Amino acid sequence: MDLPSGGTIQRTVTVPLPDPGTGALGADVMWLVDLSGSFGDDLSTWKSQAEDIANALASEVSDVRFGLSSFVDAPCSPFGSVGDYGYKLELALTRNKSDFVSAIQALGIFYGYDGPESQLEAMYQAMTGEGREVTGSCAGATIPPTEPGWLSGRLRFLLVSTDAPFHRPSDSGYPYPTTPDDVIRVAKDMGVRIFFLDGGGIDSEAARIASETGGSVYPVGSGSGEIVAAIRDALGGSIVSAEVRLIPVGDRGLVARIEPDKATVNLRTTREITFTVTFSDPGLSGTVYFILEVRVNGAVIANIPVAVHIK
């Protein structure tokens, strides 16, 4: 498009929205589970309902990829015991439902010495797979890098099952540096919605993490008896009330305004949405190339290339 030097123009941008029910829009769902000693009854529920859990994950999106990861705590006193760990990738994201069910069946309970656990570090690792080197007296807490397998162009969800508070970096001697703000920052950058499946006693910061990443906290009862219903509600709510935004990247200040700033739509029934974009020359020259990211629930599902010729 042409933009007069120093001028302003408006253009409408119509964005097609793929239907998650037909497989046109897929979802990656990583389930992060607490395997400390207090979760023994929950694990029994997960194993007995493994097939139902997998079906619940697939109930709202026909093209779903399942992942499974776990945490206990740092394997050093006073945080955890020998054999415990801060984070483990049990199964990278995959479309193979049988592998997901088998991975659930293979889980076992560990220890965890004190009350709080390594949820913050585990959430960070489940999203990034960066790994964490720990030296000194708690060197056994080192987490090797992993490949969670998140794919671009898909909705992203992290479901966290726990019943305990979070350890903080400020806890004396604690080896992991991740804070709640770190988790929120990474989730927003990656477009991951975080939902907590609360078995009772969850950290007060869980509500803030969920709220700021577009998720929620779902009580599932002692033993996770309500887990299947909670999973359906979490994913279903994200489909029928999805947040759509158009985000300029690399526009060098040319995009003055986008209206609406965001739109909430039902992805089952809404096939397109129109934005009005105002372009204003801040004193540039020549041709500026950039993209408009289409973000649904924070995840980038498409990129619209734009070329503005300033004359």
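Please refer to the structure higher up on the page.
To keep things clear, this report deals only with the structure shown in the data block. These numbers were taken from a predicted model, which means no experiment stands behind them.

## Side note on the packing of helix α5 (residues 180-190) against helix α6 (residues 205-212)
Where α5 meets α6, the closest approach of the two axes is 9 Å, and the angle between their N-to-C directions is 20°. Classified by the angle between their axes, α5 and α6 sit roughly parallel to one another. Here α5 and α6 pass one another in a crossing that is right-handed. Of the residues in α6, those in contact with Pro-180, Asp-181, Val-183, Ile-184 and Lys-188 of α5 are Glu-205, Arg-208, Ile-209 and Glu-212. For the contact of α5 with α6, the class distribution of residues is 4 nonpolar, no polar and 5 charged.

## Observations concerning the pattern of salt bridges
The tally for this structure, following the rule as stated, stands at 20 salt bridges. Residues Arg-154 and Asp-63 are paired through a salt bridge, measuring 2.9 Å at the closest nitrogen-oxygen approach. Taken together, the residues Arg-154 in the loop between α4 (119-128) and β6 (155-162) and Asp-63 in the loop between α2 (50-57) and β4 (64-71) connect sequence positions 91 residues apart. For Arg-208, the salt bridge identified is with Glu-205, shortest N-O distance 2.9 Å.

## Comments concerning α2
Within α2, the full set of buried residues consists of Ala-50, Ile-53, Ala-54, Ala-56 and Leu-57. Along the long axis of α2, the arc covered by the buried residues comes to 160°, so they all point the same way. Considering only its buried residues, α2 is in contact with β3 (27-34), α1 (40-48), β4, α3 (97-105), β6 and α7 (227-240).

## A few points about the packing of aromatic side chains
Counted under the stated rule, the structure contains 10 aromatic pairs. The interplanar angle of 35° and the centroid separation of 6.3 Å between the aromatic rings of Phe-195 and Tyr-218 together place this pair among those described as tilted. Of this pair, Phe-195 sits in strand β7 (residues 192-198) while Tyr-218 sits in strand β8 (residues 217-219), and the two are 23 residues apart along the sequence. Summarising the burial analysis for this pair, Phe-195 and Tyr-218 share the class buried. Among the aromatic residues, ring-to-ring pairing joins Trp-31, Trp-46, Phe-66 and Phe-100 into one connected group.

## Structural notes on the packing of α2 against α7
As a packed pair, α2 and α7 sit with axes 9 Å apart at the nearest point and diverge in direction by 10°. The angle between the axes of α2 and α7 places the two elements in the roughly parallel class. Only Ile-227, Val-228, Ile-231, Arg-232 and Leu-235 of α7 make contact with α2, whose side of the interface consists of Asp-52, Ile-53, Ala-56 and Leu-57. Here the contact of α2 with α7 is composed, by residue class, of 7 nonpolar, no polar and 2 charged.

## A closer look at the environment of Glu-60
With respect to the helices and strands, the residue Glu-60 is situated in the loop between α2 and β4. According to the relative accessible area criterion, Glu-60 is buried, its value standing at 17%. Apart from residues lying up to four places away in sequence, Glu-60 is in contact with Pro-20, Arg-232, Leu-235, Gly-236, Ile-239 and Arg-268.

## Some details on the nonpolar core
Core analysis: the biggest nonpolar cluster contains 68 residues, and Trp-31, Trp-46 and Phe-100 have the highest contact counts within it. When residues in this core are grouped by element, the largest group, 7 residues, is from α7. When neighbours within four sequence positions are excluded, Phe-100 is seen to be in contact with Trp-31, Ile-53, Ala-54, Leu-57, Phe-66, Gly-67, Leu-68 and Leu-91. In terms of nonpolar packing, the next biggest core, distinct from the first, is built from 36 residues, Ala-74, Cys-76, Cys-138 and Val-186 among them.

## Notes on α7
Here α7 is 14 residues long and its end C-alpha atoms lie 20 Å apart, about the 20 Å a rise of 1.5 Å per residue gives. Considered for burial, the residues of α7 that qualify are Ile-227, Val-228, Ala-230, Ile-231, Ala-234, Leu-235, Gly-236, Ser-238 and Ile-239.

The rules behind these values
- Residues numbered from 1 in each chain as written.
- Predicted model: local features only at pLDDT ≥ 70, side-chain atom pairs only at ≥ 80, totals over all residues.
- Heavy atoms only, no water.
- Axes fitted to C-alpha atoms, helices over the stretch in contact; angles between N-to-C directions.
- Helix = DSSP H or I, 4+ residues; strand = E, 2+ residues; numbered from the N terminus.
- Parallel < 35°, antiparallel > 145°, perpendicular 65-115°, else oblique.
- Left-handed = near helix turned anticlockwise from the far one by under 90°.
- Contact = heavy atoms within 4.5 Å.
- Nonpolar A, V, L, I, M, F, W, Y, C, P; charged D, E, K, R; others polar.
- Salt bridge = Lys/Arg side-chain N within 4 Å of Asp/Glu carboxyl O.
- Buried < 20%, exposed > 50% of the residue type's maximum accessible area, 1.4 Å probe, protein only.
- Arc of directions from axis to C-beta.
- Phe/Tyr/Trp six-rings, centres within 6.5 Å; stacked < 30°, edge-to-face > 60°.
- Core = buried A, V, L, I, M, F, W, Y, C linked by side-chain atoms within 4.5 Å.
- Expected span 1.5 Å × (residues − 1).

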